[in-house]
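So the chains spell out like this:
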Amino acid sequence: MLPYDSDFDYRREYVDRWNTGVHRAKIWMIVLGIVLVLAGVLSAVAPYGLYAFMQMAVGIALLFHGVGQVASYFGTPEFFRSSTLAVSGVLNALLGVLFLTLPAYLTASTLVFLLAFLFIVTGFERLTFARQMKYFQLPCAGAGTVTGVINIVLGVVFILMPMFSSIVLTYVIAAYLIVAGITLIIEAFTLKRIER
């Protein structure tokens with residue numbers, strides 16, 4: 001990390017980068033949010049019959065989401081970077097690759113702990129983003145805080161009850177996808193240019 005430079009206007013650089021990419025980010029967040037919600041609903045409606053298809057669709061969605069998070073991390077000015085975003089991106093991409101490569105009978109039994117850590121890291125990333133939204137006085141920072149706390153609680157439940165979690169994994173994945181999709185859509189609609 002570069003040393004802090006008191007003569008450099010970090011806030012202005014952050015605002016300029018934010019304003020430059022806010023429209024594109026909004027569109028991608030809405031599209032990805034809708035895809036995640038649809039994948040979650042389909043997974044909940046037909047948990048076993050569509051599991052193989054959903055496994056592929058979820059894997060692709062998580063892979064793109066993870067790559068997007070890592071790209072967003074590197075696109076953020078260094079002073080405002082949150083390492084939880086990069087970790088969450090790597091975990092999402094890894095989870096996507098596992099969904100794409102592992103057979104269905106393995107994914108149900110081995111992904112419980114990875115999902116637990118993903119929930120926890122994503123929760124901290126949501127809390128960090130909500131704090132940044134609050135700092136720049138953007139609306140609906142509370143929604144990010146609530147979803148962050150929910151993600152952390154679900155992650156802890158997964159760690160404490162792995163057998164139960166693996167039994168209901170399909171429904172939990174559906175819930176995760178729906179919550180993640182709704183969160184992205186809410187955040188997309190609250191994104192706006194930062195006025196100086």
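Look up a bit, the structure's there.
These lines cover the structure that appears in this document, whether it is placed above or below. (Residues numbered from 1 in each chain as written. Predicted model: local features only at pLDDT ≥ 70, side-chain atom pairs only at ≥ 80, totals over all residues. Heavy atoms only, no water.)

### A word on the overall build of the protein chain
Alright, step 1. Within the protein chain one finds eight helices and zero strands.
Alright, step 2. Starting at the N terminus, the α and β elements of the protein chain follow one another as α-α-α-α-α-α-α-α.
Alright, step 3. Out of the 196 residues belonging to the protein chain, those deemed buried represent 44%.
Alright, step 4. Intrachain contacts of the protein chain at a sequence separation of at least 6 include 78% that bridge at least 24 residues. (Helix = DSSP H or I, 4+ residues; strand = E, 2+ residues; numbered from the N terminus. Buried < 20%, exposed > 50% of the residue type's maximum accessible area, 1.4 Å probe, protein only. Contact = heavy atoms within 4.5 Å.)

### A look at the packing of aromatic side chains
Alright, step 1. In this structure the tally under the stated criterion is one aromatic pair.
Alright, step 2. Both rings, one in tyrosine 73 and one in phenylalanine 74, keep their centres 5.0 Å apart while their planes meet at 80°; by these two values the pair is edge-to-face. (Phe/Tyr/Trp six-rings, centres within 6.5 Å; stacked < 30°, edge-to-face > 60°.)

### Comments concerning the nonpolar core
Alright, step 1. Formed by 37 residues in total, the largest nonpolar core has its most connected members in Trp18, Leu36, Leu95, Phe158 and Leu177.
Alright, step 2. If you list the elements that add at least two residues to this core, you get α1 (10-45), α2 (51-75), α3 (83-101), α5 (112-135), α6 (141-160) and α8 (169-190).
Alright, step 3. Residue contacts for leucine 177: discarding those within four places in its chain leaves Leu36, Val37, Ala39, Gly40 and Val58. (Core = buried A, V, L, I, M, F, W, Y, C linked by side-chain atoms within 4.5 Å.)

### Some details on the pattern of salt bridges
Alright, step 1. Throughout the structure, instances matching the rule amount to one salt bridge.
Alright, step 2. Two residues, arginine 126 and glutamate 125, come together in a salt bridge whose shortest N-O distance is 2.6 Å.
Alright, step 3. Judged by its relative accessible area of 10%, arginine 126 falls in the buried class.
Alright, step 4. A relative accessible area of 5% places glutamate 125 in the buried class. (Salt bridge = Lys/Arg side-chain N within 4 Å of Asp/Glu carboxyl O.)

### Notes on the packing of α5 against α6
Alright, step 1. Interhelical geometry of α5 versus α6 gives an angle of 160° and a closest axis separation of 7 Å. As far as their axial angle goes, α6 and α5 are roughly antiparallel. α5 and α6 meet at a crossing whose hand is left-handed. (Axes fitted to C-alpha atoms, helices over the stretch in contact; angles between N-to-C directions. Parallel < 35°, antiparallel > 145°, perpendicular 65-115°, else oblique. Left-handed = near helix turned anticlockwise from the far one by under 90°.)

In short, the description is geometric, and any link to function would need to be established separately.
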